[in-house]
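Summary of the model geometry
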Amino acid sequence: MTGRRSTPTSFRSLHLRASVLSASALVACASLAAGCGVVSGVTGGSGDDPVTVMTWAPEETKATNKPGMPAMAKTYARWVNKRGGINGHKLNVITCNEHNDAVAAAECARRAVDEDVIAVVGSYSQHSRSFLSPLEAAGIPYIGGYGLTDDEFTSPLSYPVNGGQPALLAGLGRELAKDCGPVTLVRPDTIAGDELPVLFDSGLSAGRHPESSDQRAAEDATEYSGHAERALERATSNPTKKGCVVPALGDRTSTFMDSFRRTADDYPSVRTASVLGSVDQSVINTTGSTYEGAYVTGWYPASSDARWDAMRDVIRQEAFGDNRIDPSDAGVQTTWIAYSVLEKIIKSLDDGEVSARTVRRALDDGLKINTGGLTPTLSWSYGNLIAASGFPRLVNSNVTFQVVRKGQLVAARKGFINVSKILENAS
């Protein structure tokens, strides 16, 4: 197994790097008045001035698409603005299509700077190296990214609301270790995909299980018959214990599972498992019994949980008939939580200046944010960061274990499982 992950450094050194980067961003803003108006309070200000934020995600691409995230952001804005805004501030949401492309992701970030946004909120992109540099230079916080890349857990201006792919893969590996024989991980042949085997194997190792077989696959393929056959050959190589196949291909997971279903009859029975984002209730609803019995790790409670009722009510009120917004989609859920966090930040500022600077200060000073049980209480102060050397910005290392039963994703265990120790030991 090979990957492009950088050699981990100590938590102390990464925290020092974060501090230096944050200081550098402020210096850059001081010299770029036109590009950093948001830091000086031009956007938001005090009183009843509107506040502007941005949400981006890929749409209409051949790979993973998340149109529900910008649609949920606009829905949230309509909802709060009908209630008088947040502390009297109207919420202005700008959306951007990052096209699953590094250049487009950087363009979205530069547009965020040009538009003087106070934050980028509830967004999805695997091109963090492209979008984080412009945001860091302008001092713009990135709140509630999807957690696809390590950079989202190292940048001093990133405030993740979940444990991202690291927590999902580590948790899934730990869960499968006790039930599986040989395990095959099928993942995208991308830079972001290169991180997945290390994280997944850290969970397997915690359960005293051998490493998985790492199988790369194109993230925009139209069929995966050859990949399914190779995965099955590896997973059934031990006749004494049932193997497991774990596709983690985003939107293309269903394409893989269609090929897998047609190929599996020629092999002994295997278990399947995946992570939220590759599988959710909407996917299961359209694929019949393909996922029946599959394990799925998620960041949040199952989509049928009553804790999502507030989000569902807002969708019914403000986005009825908008089929881009699926309340069971992990991206939509992440955007909802991220905007809930933003609302609480702005309220914490009372009638003071609302800017990128004051938003960052509130978060860095240890503001505690309750999300109604959808996550643990969130706080990004130094004392709340877990001691995982590769993920110094990670504050929520909880996952949920779910299973598909009679076509429904239901809780396999009650409550959250914390995987911080696994991540701290991951190399």
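Our subject is the structure that appears above.
What comes next is a walk through the structure. These numbers were taken from a predicted model, which means no experiment stands behind them.

Our next topic: the overall build of the protein chain. Along the backbone of the protein chain there are 14 helices and 13 strands. Buried residues in the protein chain amount to 60% of all 427 residues. Counting only contacts in the protein chain whose residues sit at least 6 apart along the sequence, the fraction spanning at least 24 positions is 70%. Of the roughly 16500 Å² of accessible surface on the protein chain, 48% is carried by carbon and sulfur atoms.

Core analysis: the largest hydrophobic core is formed by 104 residues, its most contacted members being Leu91, Phe256 and Trp336. Looking at which element gives the most residues to this core, the answer is helix α12 (residues 330-348), with 10 residues. Residues lining this core come from more than one domain, with at least three contributed by each of domain 1 (51-162 + 304-395) and domain 2 (166-298). Excluding anything up to four places from it in sequence, Leu91 contacts Val51, Val53, Tyr76, Ala77, Val80, Asn81, Ile86, Tyr339 and Leu342. Residues Met54, Trp56, Cys96 and Ala138 belong to the second largest nonpolar core, which totals 16 residues.

Spatially, 5 strands are ordered β2-β1-β3-β4-β5 in an open sheet, and the strand pairing comes out parallel. What marks the edges here is a single partner per strand, and that holds for β2 (91-97) and β5 (158-159). One ladder, built from 2 bridges, connects strand β4 (residues 142-143) with β5; its direction is parallel. Bridging across to β5, Tyr142 finds its partner in Ser158. Relative to the sheet, helix α2 (residues 68-82) contacts β1 (51-57) and β2, its axis offset from that of β2 by approximately 170 degrees.

In a disulfide, the sulfur atoms of two cysteines are held together by a covalent bond. For the coordinates displayed, the defined rule picks out 2 disulfides. The disulfide that involves Cys96 links it to Cys108, with 2.0 Å between the sulfurs. Measuring handedness by torsion sign, the sulfur bridge of Cys96 and Cys108 sits at about -85 degrees and is left-handed. Of this pair, Cys96 sits in strand β2 while Cys108 is found in helix α3 (residues 102-114), placing the two residues 12 residues apart along the sequence. Taken individually, Cys96 and Cys108 each receive the classification buried, so the pair is uniform in this respect. Covalent S-S linkage joins Cys180 and Cys244, the inter-sulfur distance amounting to 1.8 Å. An S-S torsion of about -80 degrees defines the bridge between Cys180 and Cys244 as left-handed. Taken together, the residues Cys180 in the loop between α5 (164-177) and β6 (183-188) and Cys244 in strand β8 (residues 244-247) connect sequence positions 64 residues apart. Cys180 sits in the buried class, given a relative accessible area of 2%. Since its relative accessible area comes to 0%, Cys244 is described here as buried. What links to what in the protein chain: the bonded cysteines, counted in sequence order, pair as 1-2, 3-4.

In summary, the side chains of a regular strand alternate between the two faces of the sheet. Burial of β1 is extensive: 7 of the 7 residues sit out of reach of the surface. Neither face of β1 is exposed, since Val51, Val53, Thr55 and Ala57 on one face and Thr52, Met54 and Trp56 on the opposite face are all buried. By the bridge criterion, 7 bridges tie β1 to β2 in an arrangement that is parallel. Bridge pairing links Trp56 to Cys96 in β2.

Right, let's talk about the packing of α2 against α12 for a bit. Orientation of α2 relative to α12, taken along the N-to-C sense of each, is 35 degrees, at an axis distance of 8 Å. Here the hand of the crossing between α2 and α12 comes out right-handed. Across from Gly68, Met69, Met72, Ala73, Tyr76, Trp79 and Val80 in α2, the residues of α12 making contact are Gly331, Val332, Thr335, Trp336, Tyr339, Ser340 and Glu343. Residue classes in the contact of α2 with α12 are distributed as 9 nonpolar, 4 polar and 1 charged.

Now for the pairing of strand β10 (residues 295-298). Of the pairings in the sheet, the one linking strand β9 (residues 271-275) to β10 comprises 3 bridges and is parallel in character. In the sheet register, Ala273 faces β10, and the bridge partner there is Tyr295. Since β9 and β10 lie parallel, the crossover through helix α10 (residues 281-286) that links them has a hand, and here it is right-handed. With 4 bridges connecting them, β10 and strand β11 (residues 398-405) associate as antiparallel partners. Opposite Thr297, over in β11, you have Phe401 as the bridge partner.

Roughly 330 Å³ of internal volume is contained in the second largest pocket. Around the second largest pocket sit 18 residues that line it, and Asp251, Asp280, Ser282, Val283 and Asp329 are the ones nearest its centre. Secondary structure elements with two or more residues in the lining of the second largest pocket: α2 and α10. Tallying contributions element by element places α10 first for the lining of the second largest pocket, with 3 residues.

Reading guide: rules and limits
- Residues numbered from 1 in each chain as written.
- Predicted model: local features only at pLDDT ≥ 70, side-chain atom pairs only at ≥ 80, totals over all residues.
- Heavy atoms only, no water.
- Helix = DSSP H or I, 4+ residues; strand = E, 2+ residues; numbered from the N terminus.
- Buried < 20%, exposed > 50% of the residue type's maximum accessible area, 1.4 Å probe, protein only.
- Contact = heavy atoms within 4.5 Å.
- Areas by Shrake-Rupley, 256 points an atom, 1.4 Å probe, with all protein chains shown as cover.
- Core = buried A, V, L, I, M, F, W, Y, C linked by side-chain atoms within 4.5 Å.
- Domains from an automatic or database assignment.
- Pairing = 2+ DSSP bridges.
- Axes fitted to C-alpha atoms, helices over the stretch in contact; angles between N-to-C directions.
- Disulfide = S-S within 2.5 Å.
- Left-handed = near helix turned anticlockwise from the far one by under 90°.
- Nonpolar A, V, L, I, M, F, W, Y, C, P; charged D, E, K, R; others polar.
- Right-handed = clockwise from strand over helix to strand, strands pointing away.
- 1 Å grid on protein atoms, 1.4 Å probe; cavity = no way out; pocket = protein on both sides within 12 Å on 5 of 7 lines; lining within 4 Å.
- Points joined across faces, edges and corners; volume = space filled by probe spheres on them.

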